[in-house]
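# Reading the structure
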Amino acid sequence: MKFWQRLRTPLLILTFANVLFVFSRVLLDANIGKRKITPFTFPATVPLPQWQQVASRSLPDRIVEQEPYGKVAFPGRRYQYKQNNLLLNIDTRYELNTVGDGQQAIADNINISFPSDRSPMLIRHNQQLGYYAVFVHQQQAYLNACINSRGGSTFTPSQFDTNRLRYDFQLQRIAFWLLGRQGLRDNRCLWTHLSMPLKQSTPETYSTLEQAWFSWYQWWDSHFPPS
């Protein structure tokens, strides 16, 4: 009991000093609380082992009203690759404040939607990479996922929330949040949509997409946009 009594005074002093520091920064720094957006431009080329890149073009920005930034333009890019007689398209879009809903991202980004009770999507998991979804639509096979800033890829809001709870609540991030420099959660995402014609059987096509996805993920995991 005496030990805690001796420790109480230094803890109170430390707590008061921290509160005083934050309060003084709020009063003196005019930029406190203002979120700045770091511009991001997709590279024209992204290497994909065993595939040859044959085309690349910017997608029209998707303009969204999003707190706490106001109107935001989400950039996107389409990459096209070839392997023998196979053609692979990869559409990717950078989003600042997602809730991690893969089905909504598919509807927003590639204009495909399904009734919730008849969705053909299959959610799969890779121990090293994370979660992703595959499905077939109009003789095209698709693989879709959100590349997170921290943690493995996700497809559902609950998977995304699990990553945020596990990786975002760190001491340095909490300090920046107290100063109003960034959010407590890093809700950024690189939505990725791979697609290719269903020339092979469905399992074979899924396997081809998965191999491309694994290489794509590994490259972006080390090239994720800076915050």
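Predicted, not measured: the structure shown is a model, and the values here were computed from it.

## Description of the state of the cysteines
Summed over the entire model, instances satisfying the criterion amount to one disulfide. Here Cys146 pairs with Cys189 through a disulfide, and the sulfurs are 2.3 Å apart. Pair noted here: Cys146 is in strand β6 (residues 140-148) and Cys189 is in strand β7 (residues 189-197), with a separation of 43 residues, a long-range link. Cys189 matches Cys146 in its accessibility class, with the two residues each being buried.

## Overview of the confidence of the model for the chain
The predicted model of the chain has a mean per-residue pLDDT of 83, with 75% of residues at 70 or higher. Here residues 25-34 is modelled with pLDDT under 50, and outside its nearest four sequence neighbours on either side it reaches ten contacts, counting other chains as well.

## Focus: the pattern of salt bridges
Tallied over the entire structure, the rule returns eight salt bridges. Between Arg62 and Glu95 there is a salt bridge whose closest N-O contact spans 3.7 Å. Of this pair, Arg62 sits in strand β1 (residues 52-66) while Glu95 sits in strand β3 (residues 86-95), and the two are 33 residues apart along the sequence. The class of Glu95 is buried, set by a relative accessible area of 12%. Asp186 is the partner of Arg150 in a salt bridge, and the nearest nitrogen-oxygen pair spans 2.9 Å. You can see Arg150 sitting in the loop between β6 and α3 (157-167) and its partner Asp186 sitting in the loop between α4 (171-178) and β7, a full 36 residues away along the chain. One salt-bridge network, in which partners are shared between bridges, spans Arg150, Arg164, Asp168, Asp186 and Arg188.

## Here we look at the environment of Leu143
Tracing the sequence through the fold places Leu143 in strand β6. Residue Leu143 is classed as buried on the basis of its relative accessible area of 0%. With 70 residues separating them in the primary sequence, Leu143 and Trp213 have C-alpha atoms 7.9 Å apart. Contacts of Leu143, omitting those with residues within four sequence positions, involve Tyr132, Ala133, Val134, Thr192, His193, Leu194, Leu209, Glu210 and Trp213.

## Looking at unusual backbone geometry
Across the chain, the bulk of peptide bonds are trans and the bulk of non-glycine residues have phi less than zero. Despite not being glycine, Asn111 has its phi angle at roughly 60°, a positive value. For Asn111, the position within the fold is in the loop between α2 (102-110) and β4 (122-126). Exposure remark for Asn111: the relative accessible area of 71% places this residue in the exposed category.

About the thresholds
Residues numbered from 1 in each chain as written. Predicted model: local features only at pLDDT ≥ 70, side-chain atom pairs only at ≥ 80, totals over all residues. Heavy atoms only, no water. Disulfide = S-S within 2.5 Å. Helix = DSSP H or I, 4+ residues; strand = E, 2+ residues; numbered from the N terminus. Buried < 20%, exposed > 50% of the residue type's maximum accessible area, 1.4 Å probe, protein only. pLDDT = per-residue confidence, 0-100. Contact = heavy atoms within 4.5 Å. Salt bridge = Lys/Arg side-chain N within 4 Å of Asp/Glu carboxyl O.

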